[in-house]
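An overview of the molecular structure
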Amino acid sequence: MIDEIEDEFCRRVAQQRVATHASHSSSRPLSSDYEFVGVKGEYALAVRFGLSLESIKAVRVGGDGHIDFNVAGYSIDVKTARKPYNLLVEVGVPVADLIVLGRYTEGCSVDLVGWEYSQTMLLCPTKDFGYGINNYFLSASNIRPMKTLDVLLRRVVS
């Protein structure tokens, strides 16, 4: 029952985001259910740290500036993918302090893989992975484990 409520919440938010940004030139759905997958990642992080879902459901006509949450003085952007081989940060766009990588599975769940500081990401090599978007990238096997983010954020988040 809880999973169904979570999925319904995430689907509603994703549909709202699609509708809000459909006519924007910056809208680039890169895969099927692109917004839903992203919302599921944000939801997973909110649940892990006991964060309010209000920031997820807020409609931001101008986008979120690549910041999904503000916690303990850090801005956080969650990147969720079906095949999270690398943590990606687009070149030339605003960047949050911390970037979290999530793995979406077709069972509609998200495992948070790890995270990295944006300053580290901006020192990484860049590559276009076939979508016409140049990204800084770092192999998922080389990012920080979630347990270290737990320590960093739970110092302040209770």
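It is worth spelling out unusual backbone geometry at this point. A positive phi angle, near 55°, is found at Ala 72, a position not held by glycine. As for its placement among the helices and strands, Ala 72 is situated in the loop between β1 (69-71) and β2 (74-81). Take Ala 72: its relative accessible area is 33%, and that puts it in the partly exposed class.

Inspection of the entire model under this criterion finds four aromatic pairs. Arranged with centres 5.7 Å apart and planes meeting at 55°, the rings of Phe 9 and Tyr 43 form a pair that is tilted. Of this pair, Phe 9 sits in helix α1 (residues 2-21) while Tyr 43 sits in helix α2 (residues 34-49); the two residues are 34 residues apart in sequence, bridging distant segments of the chain. Assigned by exposure class, Phe 9 and Tyr 43 land together as buried. Centre to centre, the rings of Phe 129 and Phe 137 are 5.4 Å apart; their planes meet at 90°, and the pair counts as edge-to-face. In this arrangement the basic side chain of Arg 11 is found over the ring face of Phe 36, its NZ or CZ atom lying 3.7 Å from the centre.

Right, let's get into the pattern of salt bridges. In total, this model carries seven salt bridges according to the counting rule given. Among the ionic pairs, Arg 11 bridges to Asp 33, the shortest N-O distance being 3.5 Å. With a gap of 22 residues between them, Arg 11 in helix α1 and Asp 33 in the loop between α1 and α2 connect regions that are remote in the sequence. The exposure class assigned to Asp 33 is partly exposed, which follows from its relative accessible area of 36%. A cluster of three or more residues bridged by salt bridges with shared partners is formed by Glu 6, Asp 7 and Lys 40.

Right, let's get into the pairing of β2. Across three bridges, the pairing between β1 and β2 is antiparallel. Its bridge partner being in β2, Phe 69 is matched across the sheet by Ile 76. Pairing between β2 and strand β4 (residues 98-105): six bridges, direction parallel. The residue bridging Ala 81 from the neighbouring strand is Arg 103, located in β4.

Basis of the calculations
- Residue positions are given per chain, counting from 1 as you read along its sequence in written order.
- The model is predicted, so local features are restricted to residues of pLDDT at least 70 and side-chain atom pairs to those at 80 or more, both for listing and for counting; the totals for chains, interfaces and linings are taken over all residues.
- Computation of side-chain values covers all heavy atoms of the structure but excludes hydrogens and water.
- Helix and strand labels come from DSSP, where a helix needs a run of H or I of at least four residues and a strand needs a run of E of at least two; each type is numbered from the N terminus.
- Classification of residues uses two cut-offs on accessible area relative to the type maximum, computed with a 1.4 Å probe and protein chains only: under 20% is buried, over 50% is exposed, and between them is partly exposed.
- Note on aromatic pairs: the rings of Phe, Tyr and Trp (six-membered ring only in Trp) are paired at centre separations within 6.5 Å, and the planes decide the class, stacked below 30 degrees, edge-to-face beyond 60, tilted for the rest.
- We call a charge positioned over a ring when the NZ of a Lys or the CZ of an Arg lies within 6 Å of the ring centre and within 35 degrees of the ring normal.
- Basic side-chain nitrogens of Lys or Arg form a salt bridge, by our definition, when they fall within 4 Å of a carboxyl oxygen of Asp or Glu.
- For two strands to be treated as a pair, DSSP must find at least two bridges joining them.

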